[in-house]
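A look at the structure
Here are the chains, one letter per residue:
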Amino acid sequence: MESYTIVIFLLSIAIGLYPLASKFKIPYPVLLLTAGIAVGFIPGFHRVSINPDVVFLIFLPPMLYDAAYNISFKDFRRNINTISLLAISLIFITTIGIAVLAYFLIPGMSWPLAFVLGAILSPPDAIAASGVTKGLGLPHRTSTILEGESLVNDASALVAFRFAVAAVAGNAFVLWKAGIMFLISLAGGLLVGWIVWALFAFINKKFRLNSLVMVSLNLVVPFVTYLFAESIHVSGVIAVVTVGLIIAQHKDKLSEETRIQSKSIWDIAIFILGGLIFVLIGLEFPQVLKNIPQEQVLPLIGCAFLIFLVALVIRMVTMFWHKYDTDGKIKALGKRQQAFAVKNELILQRLKKKKGHEKKIQRCNKHFERKMERFKEMESLSIKDCIVIGWSGMRGIVSLAAALSLPLLMADGSAFPQRNTIIFLTVVTVIFMLMVQGLGLPLLIKFLKKKNPEQQI
């Protein structure tokens, strides 16, 4: 069976399973993954493989762009502290945790290889999160944090992954150099995203193209942005997210017809791409299984389950630590708020006793109002929010694509060590996460609602 025939067949499966997922209340990605594994054992389908370059270019940019375009920038900014903790700090903590476990559990696993595996399995996936949480009635803030985290964390994980692979190849790892490279990659991605937005806005304003051309241009934007950023060695992920957020902020400058058509086409494209990628993930399992000696299969599956547990525990602990830390900051800010209000009142009283200080009084009042707004934005997560966000960190296409992008050969011509083992562990861990967390999330939310029906979860 030819590759294009198989792809069409898989698309048909993905589309056909959606009514079943809706009817039986099964998370759509979980059902697609199961179908992909089953299809992978059918003779003839073993020849289909995922090219990591195709995943990084064809699947990742449009998914990130669509998520960034539809998220509220105001809500994103309001929750930036939680999002940055999950998308940056937690990525590196999880990488270290998985690396330590892999080093002591897996025979022949060196520290550099362990960090490669940790970096691969550290970032939760935007598509997995949205696919599983969709329709579960999550609070708006919880959804915003999960979506915002998934928009940013890929950049952190991919930078860590590249440095870990370089360390395996024999290049020395220097922490301060890695930090500088991460900041350059981040700043460069922001700049590229802004440049592409400026070009998009200029074309829209200068040429007044019809809606068909503007919709087509909007479809091309994430791919061009990603390629441009990666070609100059900065973060393509951050660049795509940046341009998506900015265009979303200025989408009122597009005609109504363009906005309606763009939404319809993007909805169809994301549905097709999201469905296909999870079938392909399942399809990889029989292929990687063949490359592992039979006596190592069960021990490695056990290791993958332990990796899943460690990643979940680290995420849960981080969420509750964040809640504890935020509660402390809110109490401290409350005291500062009272002290600031008293101080501001004393200043106003002194100014009112004097003449000609009306402008100073106005500036003082505005400064006080801005300060109070910042105090109000500090909002702690509830215990239920922490549980749901902690449980929702599923991995997906980025982890799989990173594992498959590992080089076959080292610079000296020798085989890349433990490559098949790392790919197998990645695929099995992703399957555990999607199955356990994906199937467990609706039950968890239902349980939390029963515990306190008056609080929305």
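Just so it is clear, the structure is predicted and the values come from calculations on it, not from any experiment.

Some words on the overall build of the protein
Within the protein, the regular secondary structure consists of 17 helices and zero strands. Expressed as a percentage of its 457 residues, the buried residues of the protein come to 49%. In the protein, once contacts between residues fewer than 6 apart in sequence are set aside, the share between residues at least 24 apart is 84%. Surface exposure of the protein reaches about 22700 Å², of which carbon and sulfur atoms provide 66%.

Side note on unusual backbone geometry
You will see that His233, though not glycine, has its phi angle at about 65°, which is positive. Among the structural elements, His233 can be located in the loop between helix 10 (211-231) and helix 11 (236-249). Exposure remark for His233: the relative accessible area of 66% places this residue in the exposed category. In the Ramachandran plot, Gln418 falls in the positive-phi region, its phi being about 60° despite a non-glycine side chain. As for its placement among the helices and strands, Gln418 is situated in the loop between helix 16 (397-404) and helix 17 (419-451).

So, the nonpolar core
Judged by nonpolar contacts, the single largest core of 127 residues is most densely connected at Leu10, Val116, Leu117 and Ile120. Considering every element that reaches this core, the biggest residue donor is helix 17, with 14 residues. Dropping the residues within four chain positions of it, Ile120 is found in contact with Phe161, Ser399, Ala402, Ala403, Leu406, Ile422 and Thr426.

Section: helix 5 (residues 80-105)
Between its first and last C-alpha atoms helix 5 spans 36 Å; for 26 residues at 1.5 Å apiece the expected length is 38 Å, and the two agree. Along helix 5, the sharpest kink reaches roughly 40°, centred on Leu90.

Details of the packing of aromatic side chains
Under the definition given, this model contains 14 aromatic pairs. A ring pair is formed by Phe305 and Phe432, whose centres lie 5.3 Å apart and whose planes are at 70°; its orientation type is edge-to-face. One end of the pair, Phe305, is in helix 13 (residues 294-352); the other, Phe432, is in helix 17, with 127 residues separating them in the sequence. Take Phe432: its relative accessible area is 21%, and that puts it in the partly exposed class. Put simply, the rings of Tyr103, Phe104, Trp111 and Phe115 touch in pairs and so form one group of aromatic residues.

Structural notes on the packing of helix 12 (residues 256-290) against helix 16
Helix-helix packing: each pair is described by the crossing angle between the helix axes and the interaxial distance. It is the contact of helix 12 with helix 16, at a shortest axis distance of 11 Å, that shows an interaxial angle of 45°. Of the possible angle classes, the one that applies to helix 12 and helix 16 is oblique. Crossing angle aside, the handedness with which helix 12 passes helix 16 is left-handed. Here helix 12 contributes Ile277, Ile281 and Glu284 to the contact with helix 16, which in turn contributes Ile397, Leu400 and Leu404. Broken down by class, the residue content of the contact of helix 12 with helix 16 amounts to five nonpolar, no polar and one charged.

Focus: the side chain of Thr144
Within the element layout of this structure, Thr144 appears in helix 8 (residues 140-168). Judged by relative accessible area, Thr144 falls into the buried class, the value being 3%. What Thr144 contacts, discounting residues up to four positions off in sequence, is Ile71, Asp75, Phe76, Asn79 and Ile83.

Points about the pattern of salt bridges
Oppositely charged side chains are able to pair whenever their charged atoms sit close together. Scanning the model with the defined rule gives four salt bridges in all. The partner of Asp75 in a salt bridge is Arg78, and the shortest N-O contact between them spans 3.3 Å. Highlighted residues: Asp75 and Arg78, both in helix 4 (residues 73-78), separated by three residues, approximately one helical turn. Residue classification places Asp75 among the buried residues on the basis of a relative accessible area of 13%. Overall, the relative accessible area of 37% leaves Arg78 in the partly exposed class. With its nearest N and O atoms 3.3 Å apart, the salt bridge here joins Lys263 to Asp267. Here the residue Lys263 and the residue Asp267 both occupy positions in helix 12, the gap between them amounting to four residues, near one helical turn. What makes Lys263 exposed here is its relative accessible area of 52%.

A closer look at a nonpolar patch on the surface
Where nonpolar side chains cluster on the molecular surface, the patch consists of Ile96, Val100, Tyr103, Phe104, Trp111 and Phe115 and spans about 550 Å² of accessible area. The element best represented in the nonpolar patch is helix 5, accounting for four residues. Following the sequence through the fold, Trp111 ends up in helix 6 (residues 111-120).

Topic: the environment of Ile96
Structurally, Ile96 can be placed in helix 5. Separated by 22 residues in the primary sequence, Ile96 and Gly118 have C-alpha atoms spaced 6.5 Å apart.

Focus on helix 10
Here helix 10 spans 30 Å end to end across 21 residues, near enough to the 30 Å set by a 1.5 Å rise per residue. Val220 marks where helix 10 bends most, by close to 35°; the proline Pro222 follows one to four residues later. If you check which residues of helix 10 are buried, you get Ser211, Met214, Val215, Asn218, Val221, Pro222, Thr225, Tyr226 and Ala229. Residue Asn210 occupies the N-cap position of helix 10, its side-chain oxygen lying 3.1 Å from the main-chain nitrogen of Leu212. Once helix 10 finishes, His233 follows within two positions and takes phi at roughly 65°, a positive value.

Examining the environment of Val428
If you trace the backbone, Val428 turns up in helix 17. The exposure class assigned to Val428 is buried, which follows from its relative accessible area of 5%. Along the sequence, Val428 and Gly282 sit 146 residues apart, while their C-alpha atoms lie 9.7 Å from each other. Other than its neighbours up to four places away in sequence, Val428 contacts Phe285, Ile301 and Ala304.

Section: the side chain of Ser211
With respect to the secondary-structure elements, Ser211 resides in helix 10. Under the relative-accessibility criterion, Ser211 is labelled buried at 13%. If we ignore the near neighbours within four places in the chain, the residues touching Ser211 are Glu257, Thr258 and Gln261.

The rules we used
- Throughout, residues of each chain are indexed from 1 in the direction in which the sequence is written.
- Two thresholds apply to this predicted model, a pLDDT of at least 70 for residue-level local features and 80 or more for giving and counting side-chain atom pairs, whereas whole-chain, interface and lining totals are computed over all residues.
- The basis for every side-chain value is the complete set of heavy atoms in the structure, and neither hydrogens nor water enter the calculation.
- Put simply, DSSP marks the helices as runs of H or I at least four residues long and the strands as runs of E at least two long, and each gets a number from the N terminus on.
- When a residue's accessible area, from a 1.4 Å probe over protein chains only, is under 20% of the maximum for its type it is buried; when over 50% it is exposed; and in between it is partly exposed.
- Whether two residues touch is decided by their heavy atoms; if any such pair falls within 4.5 Å, the residues are in contact.
- A 1.4 Å probe and the Shrake-Rupley method give the accessible areas. Residues count as covered only by the protein chains that appear here.
- The set of buried Ala, Val, Leu, Ile, Met, Phe, Trp, Tyr and Cys residues whose side-chain atoms join them within 4.5 Å is what this entry labels a nonpolar core.
- Each helix should span, by expectation, one fewer than its residue count multiplied by 1.5 Å.
- Think of it this way: the bend at a residue is just the angle between two axes, each fitted to seven residues, one set ending at that residue and the other starting at it.
- Any Phe, Tyr or Trp ring, taking Trp's six-membered ring, that has another such ring centre within 6.5 Å forms a pair; planes under 30 degrees apart are called stacked, those over 60 apart edge-to-face, and the others tilted.
- Only the stretch in contact is used when a helix axis is fitted, and all axes are lines through C-alpha atoms; the angle between N-to-C directions ranges over 0 to 180 degrees.
- Orientation categories follow fixed angle ranges, with anything under 35 degrees roughly parallel, anything over 145 roughly antiparallel, 65 to 115 roughly perpendicular, and all other angles oblique.
- Note: crossing handedness is left-handed where the near helix turns anticlockwise from the far helix by less than a right angle, and right-handed where it turns clockwise.
- In this count, Pro and Cys sit with the nonpolar residues alongside Ala, Val, Leu, Ile, Met, Phe, Trp and Tyr, while Asp, Glu, Lys and Arg are called charged and the others, Gly among them, polar.
- Salt bridges are counted wherever a side-chain nitrogen of Lys or Arg sits within 4 Å of a carboxyl oxygen of Asp or Glu.
- Residues enter patches when their relative accessible area tops 30% and they take part in no salt bridge; the joining distance is 9 Å for like charges and 5 Å for the nonpolar side chains Val, Leu, Ile, Met, Phe, Trp and Tyr.
- Under this definition, polar contacts are N or O atom pairs within 3.5 Å; protein pairs additionally need one hydrogen-donor-capable and one acceptor-capable atom, and for neighbouring residues in sequence, both atoms have to be side-chain atoms.

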